[in-house]
Structure formats: C-alpha cells, structure tokens
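Here's the letter readout for the chains.
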Amino acid sequence: MEIRGILAADREQLCKLILDVYRDSVLAMWFEREPGQEELNELFAYKLKAMRDKMAVDLVAIESGRVIGECEIMIKDGTCSVGVIVDKQSRSRGIGTKLLSDALGVARSMGVGSAVAEIADSNVGAQSFFRKNGFVEKGIASRTIKRQGKTHRVLYFERDLSAR
Ligand SMILES: CC(C)(COP(=O)(O)OP(=O)(O)OC[C@H]1O[C@@H](n2cnc3c(N)ncnc32)[C@H](O)[C@@H]1OP(=O)(O)O)[C@@H](O)C(=O)NCCC(=O)NCCS
C-alpha cells in the first residue's frame, strides 16, 4: 500500500470511492443528496487546486493500482478540518490511521497547530476512530446534517498538533 498526494489521474477512482462511501453511509458525508458526476468532478478539481495552493493536504492510499482511501485536510487560520474515508473492503487494517497520521504530519510541518473533525452523532464508528487517533470530543458543532427530513446533531472533535 502506498500513500501519496492526489494526482489529476486519480479523479475517476477517487470520485467512485466518495460515491460508494456516501451510498453506504450518508451521514458520513456532507452532501445533502447523492452527488452527480458533475458535482464530484467539481469537488475533485477543488481538492486539486486547494492542494496546489497549500490550503489543503489531500492524500490517497493506493493498493494494486486502486484508490482505497483518502484523507483530506482543509487549512484555515492555523487550524484545519479533517475528513477520512476508506473503502469498505479495506477497513480495520490501519489504513485510515496511516492516512490521517501522514496528512497531519504534513499539516504540522506547514505550521498548523490544531485539527478538528465534525462527525454525525450517530456515526459511532468514526467517533471511535478519531478518539483512537488522539482527538477529544469538545461538544456539539454549530452545523447539523439533514437527511430525509431528519436533522442530525454533529459532534465536534479536536486534536492539538503541538503535542506529538
Ligand atoms: C472511519 C474510517 C475512515 C476508518 O478507516 P479504517 O481504515 O477502518 O481505520 P483503521 O483501521 O485505521 O482504524 C480502525 C479503528 O477505528 C474504529 N472504528 C472504525 N470503524 C468503526 C466502527 N464501525 N465501529 C467501531 N469502531 C470503528 C475502531 O477503533 C477501529 O479499530 P479496530 O479495527 O481495531 O476495531 C472508515 O471506517 C470509513 O471510511 N468510514 C466511513 C466514512 C466516515 O465515517 N469517515 C469519517 C468522517 S470524515
């Protein structure tokens, strides 16, 4: 398994991974409804540009030529927000942890002092993942997630990057 920054050539596979994870767990993603190909392409172009402009760190995990995971970190005002997705068949092998740790390492080297993850209150798997990776629950985020007429609370997790 190789971890590296996203490349233009990853577009098709990364868009497919994002769509697969959305379909499997709609509360893990911020799209209000299933994204179409055009929306996914726009998102991918935004990711590439943000990385080029040093406003983001976006790493993918590659295995046998396939994109099987991604960690996206968006940087703003010395802090960053984090999202991690791993292909369902490839979970519980430490890939999410490795992606997160590598991406946070790059962010730290760019002077970022803290990281935030916002997770739906029903997404207990992701909460456990972030806790295991040194994030501490700080409360309820101001944003909510609306799906099929239901509003879900979002929990706010934080990690201080100055302490290793
Ligand atoms: C969260 C996610 C990225 C973890 O990726 P991963 O490669 O499986 O993570 P790792 O193997 O490094 O760590 C797995 C650990 O996370 C926790 N965890 C992950 N999913 C879990 C679940 N459904 N239930 C309980 N714990 C879970 C556990 O502590 C687990 O350790 P274990 O396998 O020893 O039980 C992956 O489950 C995923 O893509 N989920 C859907 C998308 C999502 O919710 N992303 C987070 C919001 S951005």
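See the structure shown above.
Computed from a prediction, not measured in an experiment: that's the story for all the values here. (Residues numbered from 1 in each chain as written. Predicted model: local features only at pLDDT ≥ 70, side-chain atom pairs only at ≥ 80, totals over all residues.)

A. Geometry of helix H2 (residues 37-52). Spanning 16 residues, H2 covers 23 Å between terminal C-alpha atoms, matching the ideal 22 Å at 1.5 Å per step. Looking one or two places after H2, you find lysine 54, whose phi comes out positive at around 60 degrees. (Helix = DSSP H or I, 4+ residues; strand = E, 2+ residues; numbered from the N terminus. Expected span 1.5 Å × (residues − 1).)

B. Representation of the site of the ligand within the structure. Close to the ligand lie 21 residues, the nearest being Ala28, Arg91, Gly96, Thr97 and Gly125. Taken together, the elements giving at least two residues each to the shell around the ligand come down to strand S4 (79-86), helix H3 (95-109) and helix H4 (124-132). Among the elements that line the shell around the ligand, the one with the most residues is H4, at 5 residues. Class assignment for the residues of the shell around the ligand results in 9 nonpolar, 9 polar and 3 charged. (Near = placed C-beta within 6 Å. Nonpolar A, V, L, I, M, F, W, Y, C, P; charged D, E, K, R; others polar.)

C. A look at the pairing of S4. Summarising burial for S4: 6 of the 8 residues are buried, a large majority. Bridge analysis of strand S3 (residues 66-76) against S4 gives 8 bridges, and the strand direction is antiparallel. Note on S4: the bridge partner recorded for glutamate 72 is glycine 83. Hairpin connection from S3 to S4: 2 residues lie between these consecutive antiparallel strands, with aspartate 77 at a positive phi of about 50 degrees. Note that S4 and strand S5 (residues 114-120) share 3 bridges and pair parallel. The partner of serine 81 across the bridge, within S5, is valine 116. (Buried ≥ 20, exposed ≤ 12 C-beta atoms within 10 Å, placed from the backbone. Pairing = 2+ DSSP bridges.)

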